Amino acid sequence: MNNLLSKIARAGIVTETFKPLTDPELDRLGAELKAVIDGRFAGSLAIRQVDAGSCNACELEIAALGNPFYDVERYGVHFVASPRHADVLLVTGPVSRHMQAALLATWEATPEPKWVVAIGTCAAGGGEFGVNYASCGAVGNVLRVDAVIPGCPPTPTDLVRGLLSLISR
Amino acid sequence: MSAIRTAVNEERFAVTDRLTGRLQSLGTPEFGNETSRAGAVGPALLCPVGPDDWALAAEAAAAQGCRWAAGWGDAQGESWVVNALLEKSGDYLLLRTVLPPGRNDLPSQTPHFPGAARPERHVRDLLGLDFTGHPDDRRWVRHQAWGEREFPLRPDFPLAGHPPAVTAPDRGYGFASAHGPEVNEIPVGPVHAGIIEPGHFRFLAVGETVLNLEERLGYVHKGIEKLAEGRDPESLARLAGRVSGDTAVGHAWAACQAMERAAGVEPPERGLWLRAVFAERERVANHLNDIGAICNDTAFAFGYYQFSRLRELWLRDNLRWFGHRLLMDRVVPGGVAADLPEEAISAMPGAIATLRRELDELKPILDEGTIFQDRVVGAGVLPERIVRELGCLGYVARACGIGRDVRERAPHAPYDRLGIKAVTRSDGDVAARLYVRYGELLASLDILDQCLRRIEPGPLRAAWRDPPENAEGLGLVEGWRGEIATYVRFDGTGRIARFFPRDPSVFNWPALEKLILGNIVPDFPLCNKSVNGSYSGHDL
Ligand code: SF4
């Protein structure tokens, strides 16, 4: 127990907003994101992530948004388990044909108003995989997409920036 | 490239010699004295086998304690070439059979190697080859994206296929079922609750206790093998780095190694040391991620935050020094595409020492966390027998005391100069898998220190030379999940005719079905995370 408490004390708070910043841009983006979410979404934005055929690197970077450096929950962004709870679907991957029906069903299950954000070069335009017998390519080939965050994979900062540009429109 | 026999190598060849001798005694006409002249593919001795002896060869190999390491088919002109890679004590043997035009059946090797079951179904779905005597006639990677009589890897099948506007959801798959008032059937996926890849799990449970688990994968099949055809080496390496995004270095290295062996291109020393630096950095990042996630699945939020903090710092260093957080596209044919900058030479030893110190501090906290220990010790026990039957790899095998590690057993440069010892445990539970990874983290930090000490100035990349038609190569690399085996064959224009990457997950996914038995359904995420199979790398 002593070990644990002293480790907590020594690791301190690494969350980037409130200390001298290694990434000032993230801090600025986070503050802007929070302002928009507070004003337009009563303080919270619920996101459902759907991997529709990704290589999994996009997922790793989306998941990194929860680590203590980014900790996007403090801006009011949270990831939910069910599309029923979601305002936004973050979709990754060139949509594999085997995931097409599941993606459409997830979209159907998400209440209006809802946005679809295509995450990563694959979701934006097919990426390395493109359109083929097993892949529908871009998410836009399957669903109406409201915003695109390119990158292979996009960094967590790219993701915060992309979300901000979507919701402040 | 053919194997060179030296006195030192003599002993290593003894095992394969015994196997080839045994296979010769099967009386396979194509085999006989030709074997020694059949040559080698990468480090594997080539062993031609007649199609009718395909199962007999497997039986002989299984009796000798060989591991079935990979299987794939290759449509060449009118005939099919089918390969099965075997391993014993770090020696590899490639069984190969050629089917005459018009023949499309081959005896199944699954009765002798249970781990071959899904790979053979994969070949059947993509190539239309029947494996007679296969115990499972259900399709595997094929859902509904292409027809029952369409086979995407055949030369006459266009890359674009003939897909419908909307591909129907998978249906009619014959899941195992159980009847009785006590048994509940629980379907999960393909869309899961977390930020995770898609797949489907079908549980049969009595109360909370799991009686049976059946996996249904293939949801992220995106045609990687077909897409590779006609690519140049550079773009194949890019694709390989995306077979499984968390193994960008491992898969790209295996693909490049295969291409380099086919083309006779030797990467320069500095390129090899840098590949090891990237591969070990990838191993560290993923183990940190998974240890944190295992903590999270036991509601030990402290652990999750500490390990995800350490991982983030590590990835930021990757970006700063090598230009990409996950090191994608840094391993290229002939060498590497990123150098070790001065900044990294001076800062990396400090970062390594810091991480080592933090890990030393965190270890006793995990050990003392009684609630945490309660969840991980004794959960998801995998019997060693199953590891041997399925040919499990990486930390899944090593947590059951089986030290499979390419870096130790069949070391390629630069690991051959480092004398690596596989980290093992014997309990086979979630805790053992976690502590094997903990040991590997520390071992990787030592390897990184050594790489930094031994790397010399020099070129990063050798010039590429197109290999002759049908030149082939086999890449074998210890990715962070275990052995990656990648096969490449070139066409006559320096482009790729066949690419087959085999992720270690192929043999670890079936182990999850076994280790969950008798555990409670709510422990599934924890057990699953401790194995952490790749969906993308499996589905291809
Ligand atoms: S964009 Fe890149 S990282 Fe994301 S799924 Fe595609 S290949 Fe993977």
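Per-chain numbering applies: the sequence of each chain, read as written, is numbered from 1 onward. Just so you know, chain letters begin at A and ligand numbers begin at 1, following the order they were written in. Selection of residues for local features in this predicted model requires a pLDDT of at least 70, selection of side-chain atom pairs for listing and counting requires 80 or more, and totals for whole chains, interfaces and linings are taken over all residues. Only hydrogens and water are set aside when side-chain values are computed; all heavy atoms of the structure are taken into account.

Quick word on the overall build of chain B
Basically, it comes down to this: Comment: elements are numbered from the N terminus, with helices defined as DSSP H or I runs of at least four residues and strands as E runs of at least two. What the globule rule says is 2.2 Å times the number of residues to the power 0.38, and the radius of gyration is computed from C-alpha atoms. Contacts between residues were defined by any pair of non-hydrogen atoms, one from each residue, lying within 4.5 Å. The Shrake-Rupley method, run with a 1.4 Å probe, gives the accessible areas here. Residue values count only the displayed protein chains as cover.
The helix and strand inventory of chain B stands at 18 helices and 15 strands. Here the C-alpha atoms of chain B give a radius of gyration of 23 Å, agreeing with the 24 Å that 2.2 N^0.38 yields for 540 residues. Taken along its principal axes, the extent of the C-alpha atoms in chain B is 70 × 60 × 50 Å. Taking all contacts inside chain B whose residues are at least 6 apart in sequence as the whole, residues at least 24 apart take part in 69%. Just so you have it, chain B exposes about 18,800 Å², and 51% of that area is on carbon and sulfur atoms.

Topic: helix H17 (residues 524–531) of chain B
Threshold: For every residue, the accessible area obtained with a 1.4 Å probe (protein chains only) is divided by the maximum for its type, and the residue is called buried under 20%, exposed over 50%, and partly exposed between those limits.
The element H17(B) is largely enclosed, with a buried count of six among its eight residues. Among the residues of H17(B), those classed as buried are Phe524(B), Leu526(B), Cys527(B), Asn528(B), Ser530(B) and Val531(B).

A look at the pattern of salt bridges
Pairs can form between side chains of opposite charge whenever their charged atoms are close. Formally: Salt bridges are identified by distance alone: a Lys or Arg side-chain nitrogen within 4 Å of an Asp or Glu carboxyl oxygen.
Going through the model one piece at a time under the given rule, you end up with 53 salt bridges over all chains. Within this structure, Glu280(B), Arg283(B), Arg398(B), Asp405(B), Arg407(B), Glu440(B) and Glu478(B) form a network of salt bridges that share partners.

Topic: the packing of helix H15 (residues 430–454) of chain B against H17(B)
Residue and element names in this part refer to chain B. For clarity, the cut-off: Inter-axis angles, ranging from 0 to 180 degrees, are taken between N-to-C directions of lines fitted to C-alpha atoms, where helices are fitted over the stretch in contact. Handedness of a helix crossing follows the sense of rotation of the near helix relative to the far helix, less than a right angle counterclockwise being left-handed and clockwise being right-handed. Each residue is assigned to one of three groups, with Ala, Val, Leu, Ile, Met, Phe, Trp, Tyr, Cys and Pro labelled nonpolar, Asp, Glu, Lys and Arg labelled charged, and all others, Gly among them, labelled polar.
In contact at an axis separation of 9 Å, H15 and H17 are set at 35° when each is read in the N-to-C sense. Every pair of crossing elements has a handedness; the one defined by H15 and H17 is left-handed. For the pair H15 and H17, contact is made by Val 430, Arg 433 and Arg 437 and by Leu 526, Cys 527, Lys 529, Ser 530 and Val 531, respectively. Its residues assigned to classes, the contact of H15 with H17 shows four nonpolar, one polar and three charged.

Here's the deal with the packing of helix H7 (residues 248–263) of chain B against helix H8 (residues 269–297) of chain B
Residue and element names in this part refer to chain B. The interhelical angle for the contact between H7 and H8, taken along N-to-C directions, is 145°, at an axis separation of 8 Å. Crossing handedness for the pair H7 and H8: left-handed. Contacts between H7 and H8 involve Ala 248, Val 249, Gly 250, Trp 253, Cys 256 and Glu 260 from the first element and Arg 275, Ala 276, Phe 278, Ala 279 and Glu 282 from the second. In terms of residue class, the contact of H7 with H8 is made up of seven nonpolar, one polar and three charged.

Let's talk about the site of the ligand
What counts is decided by this rule: Whether a residue is near a molecule or strand depends on its heavy atoms: it is near if one of them lies within 4 Å of it. Cavity: a set of points on a 1 Å grid over the protein atoms alone where a 1.4 Å probe fits but cannot get out. Pocket: an open set with protein on both sides within 12 Å along at least five of seven lines, its lining residues, like those of a cavity, having an atom within 4 Å of a point. Molecules are considered to sit inside a cavity or pocket once more than half of their atoms lie within 2 Å of its grid points.
Every residue lining the ligand is accounted for by Ser54(A), Cys55(A), Ala57(A), Cys58(A), Gly120(A), Thr121(A), Cys122(A), Gly151(A), Cys152(A), Pro153(A), Arg242(B) and Met328(B). Looking at what sits near the ligand, you find residues from chains A and B. The cavity that encloses the ligand is the second largest cavity. If you list the elements that add at least two residues to the shell around the ligand, you get helix H3 (57–64) and helix H5 (120–125) of chain A. The dominant element in the shell around the ligand, judged by the number of residues it contributes, is H5(A), at three residues. For the shell around the ligand, the per-class residue count stands at seven nonpolar, four polar and one charged.

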